[in-house]
Amino acid sequence: MRDEDYRQMAHRPLRRMDQILTQDNLFRIDLLQCSQAAARMADCNWAVESTDAAGSRERAILIRLAVAAICHQFNWDFLTQSLTREIAADDEPVAKLANVDARQLYAWLEAYPKKERIRAKERAALLRDLGNELQDRYLGRAENLILDASKKLLGAKGLMRRLDDFEAFRQDPLRKKSNVFVHELVRERIARFEDEEAIDPAIDYHIMRIYLRTGRVVPKHRETLHILRSKQPTRPRLVKLLRQTVAEAVRSTAFYAALPVPDVNYIEWQLGRGVCTVNEPSCESGTRFSDPVITTLSESRCPYAEFCAALRDDRWLIAEPHYQGSFF
C-alpha cells in the first residue's frame, strides 16, 4: 500500500467526525432513564435557607456573583470560602474587586492544591470587570442588580439580560454561570422572581458526566462515543451540542420529579462531584456521601445504582468532554 493510502486511512475518522458535526444533534435523551432518576428524588425538597456568613443581603449577593463569575475549572467550596473571607472583611468590597490584580488573587487562592487551575491573571480580569461594571451601572452595589430587574429574569430589563453586561457571564452562549448565580439566589431564598419557571439548568462537567453514565443522554454515533471514552481534546461544537441535550434531559428529570430545575440541578451536581467522579466513582460505597442531601437519598450505594448504564456495562463509564475554557 502506498504512503498516500495510509494517510487517507488515518484521516477517515476525522472526516467522518466532520460530517457528523454538521448535524443538529449528536445525542438522544432516554426519557425512561430520566423518569428513573426522578423517582429517587420526587418526594424530597432540596430548597435550603441561606447560611451566609457575611450577614447582609448585599454581601450575600456580591459573594455569589463573584464566585459564579470565576467558578470554571475550580472547586466551588474552596472558591466560596476564599471569596467570602475577602469580601466579608472589607468595607468596600466592590472597589476591592474592581482593583484586584493577578498577584493579589493568587494570594487569595494560593492554598489551592492544583496550582495550575488558579489562572490568576484570567480570573482577576473577570473580577475587575465585575467590580467596574457594578460601580458604573449599579452605584457600586450588587443588590441594585437584583432590584433593577424588578423581579424578572427574562425580558430587556430582566436579570439574565443584565448579567450579559459582565464579561464573565456573557461569554457562554448557554449561560452556565448566569444560571448558577440565579440558582443560588432562588434556592437560598436570597431573591425571588415572578418568572422562576423560566430558570434553565446550569450545565457543567459534573452534570454532563452523570447524565452520560446513567444513560439519560446517549451518543448517537460510535465516533462520538469513542471521543468521549478516549478523553481526546473535544471540539467546541460537540461540547455545545452535548450541553444543550443534557440541559433538556435535566428539564425532563425535573418534570418527572415535579421539582424546580434549581433543586434537581443541585442534587445532580452534588452526585456528580462527590459520587460519580471521573476516576473513582463510589457506585457501591457511601464513604464519600458527605452532603446531607445525598445521604437522604441513600446512605450506602449510589442512589442511581439500580438503573445506571455504566454500572451495568463499563463501556458507558465515560467522562465528560475534555475541554478547557472559561465557561464551566
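Residues numbered from 1 in each chain as written. Predicted model: local features only at pLDDT ≥ 70, side-chain atom pairs only at ≥ 80, totals over all residues. Heavy atoms only, no water.

### Quick word on the overall build of the chain
No. 1: Helix and strand content of the chain: 17 helices and two strands.
No. 2: Counting over 328 residues, the chain shows a buried share of 53%.
No. 3: Residue pairs in contact within the chain that sit at least 24 positions apart in sequence constitute 73% of those at least 6 positions apart.
No. 4: Total accessible area on the chain is roughly 15,700 Å²; 48% of this is exposed by carbon and sulfur atoms. (Helix = DSSP H or I, 4+ residues; strand = E, 2+ residues; numbered from the N terminus. Buried < 20%, exposed > 50% of the residue type's maximum accessible area, 1.4 Å probe, protein only. Contact = heavy atoms within 4.5 Å. Areas by Shrake-Rupley, 256 points an atom, 1.4 Å probe, with all protein chains shown as cover.)

### Here we look at the nonpolar core
No. 1: Within the largest apolar cluster, 96 residues are counted, with the highest numbers of intra-cluster contacts made by L130, L159, F169 and F181.
No. 2: Once residues lying within four places of it in the same chain are set aside, the contact partners of F169 are L65, A68, A69, L130, L163, D164, K177, S178 and F181. (Core = buried A, V, L, I, M, F, W, Y, C linked by side-chain atoms within 4.5 Å.)

### So, the pattern of salt bridges
No. 1: For the coordinates displayed, the defined rule picks out 24 salt bridges.
No. 2: Residue K96 pairs with E86 through a salt bridge whose shortest N-O separation is 2.8 Å. On the criterion of sequence distance, the pair formed by K96 in helix α5 (residues 93-98) and E86 in helix α4 (residues 76-88) is long-range, its members being ten residues apart.
No. 3: Its relative accessible area of 15% is what places E86 among the buried residues.
No. 4: Taking the shortest distance from any N to any O, the salt bridge between E320 and R209 comes out at 2.9 Å. One end of the pair, E320, is in the segment after α17 (309-312); the other, R209, is in helix α12 (residues 205-213), and 111 residues separate them in sequence. Of the two residues, E320 and R209, both sit in the buried class. (Salt bridge = Lys/Arg side-chain N within 4 Å of Asp/Glu carboxyl O.)

### Section: the state of the cysteines
No. 1: Across all of its chains, the model carries zero disulfides by this definition.
No. 2: Left unpaired, C308 is separated from the closest cysteine sulfur, that of C276, by 6.2 Å.
No. 3: Assessed through its relative accessible area of 10%, C308 is described here as buried. (Disulfide = S-S within 2.5 Å.)

### Topic: the packing of helix α2 (residues 31-41) against helix α14 (residues 236-257)
No. 1: Orientation of α2 relative to α14, taken along the N-to-C sense of each, is 50°, at an axis distance of 8 Å. As far as their axial angle goes, α14 and α2 are oblique. In the crossing of α2 with α14, the sense of the turn from one axis to the other is right-handed. Contact residues: L31, C34, S35, A37, A38 and M41 in α2; A249, S252, T253, Y256 and A257 in α14. (Axes fitted to C-alpha atoms, helices over the stretch in contact; angles between N-to-C directions. Parallel < 35°, antiparallel > 145°, perpendicular 65-115°, else oblique. Left-handed = near helix turned anticlockwise from the far one by under 90°.)

### A short note on the packing of helix α3 (residues 57-69) against helix α11 (residues 176-187)
No. 1: Two numbers describe how α3 lies on α11: the axes approach to 9 Å, and their chain directions differ by 150°. Taken together, α3 and α11 sit at an angle that is classed as roughly antiparallel. Where α3 crosses over α11, the handedness of that crossing is right-handed. Across the interface between the two elements, I61, R64, L65, A68 and A69 from α3 touch K177, V180, F181, E184 and L185 from α11.
No. 2: When grouped by side-chain class, the residues that make up the contact of α3 with α11 number seven nonpolar, no polar and three charged. (Nonpolar A, V, L, I, M, F, W, Y, C, P; charged D, E, K, R; others polar.)

### Structural notes on a nonpolar patch on the surface
No. 1: Together, L31, F255 and Y256 give the surface a local cluster of nonpolar side chains, amounting to about 340 Å² of exposed area.
No. 2: Its place among the elements puts L31 in helix α2. (Patch = residues over 30% accessible without salt bridge, like charges linked within 9 Å, V, L, I, M, F, W, Y side chains within 5 Å.)

### Some details on the confidence of the model for the chain
Caution applies to low-pLDDT regions: their predicted coordinates should not be interpreted in detail.
No. 1: Residue-level pLDDT values for the chain average 87, and 85% of them are 70 or greater.
No. 2: Predicted confidence is poor over residues 1-12, with pLDDT under 50, and the contacts of this stretch with residues over four places away or in other chains come to three contacts. (pLDDT = per-residue confidence, 0-100.)

### Some words on the environment of T245
No. 1: With respect to the helices and strands, the residue T245 is situated in helix α14.
No. 2: Among the residues examined, T245 registers a relative accessible area of 4% and is labelled buried.
No. 3: Among all residues touching T245, those that are not within four sequence positions of it are N25, F27, R28, I29 and V217.

### Concerning the side chain of T253
No. 1: Along the chain, T253 falls in helix α14.
No. 2: Within the structure, T253 has its side chain in polar contact with the side chain of Y211 (distance 3.4 Å). (Polar contact = N/O pair within 3.5 Å; in protein donor to acceptor, adjacent residues only side chain to side chain.)

### Here's the deal with helix α6 (residues 102-109)
No. 1: The set of residues buried in α6 consists of L105, W108 and L109. The arc that holds the buried residues of α6, viewed along the axis, is 85°, so those residues lie on one side.
No. 2: Tucked into the core, α6 has its buried residues touching α4, α5 and α7 (120-137). (Arc of directions from axis to C-beta.)

### Details of unusual backbone geometry
No. 1: In this structure, L139 takes a positive phi of about 55° despite not being glycine.
No. 2: Relative to the helices and strands, L139 resides in the loop between α7 and α8 (142-147).
No. 3: Of note, the phi angle at K151 is positive, near 65°, even though the residue is not glycine.
No. 4: Within the secondary structure, K151 sits in the loop between α8 and α9 (159-163).
No. 5: According to the relative accessible area criterion, K151 is exposed, its value standing at 52%.

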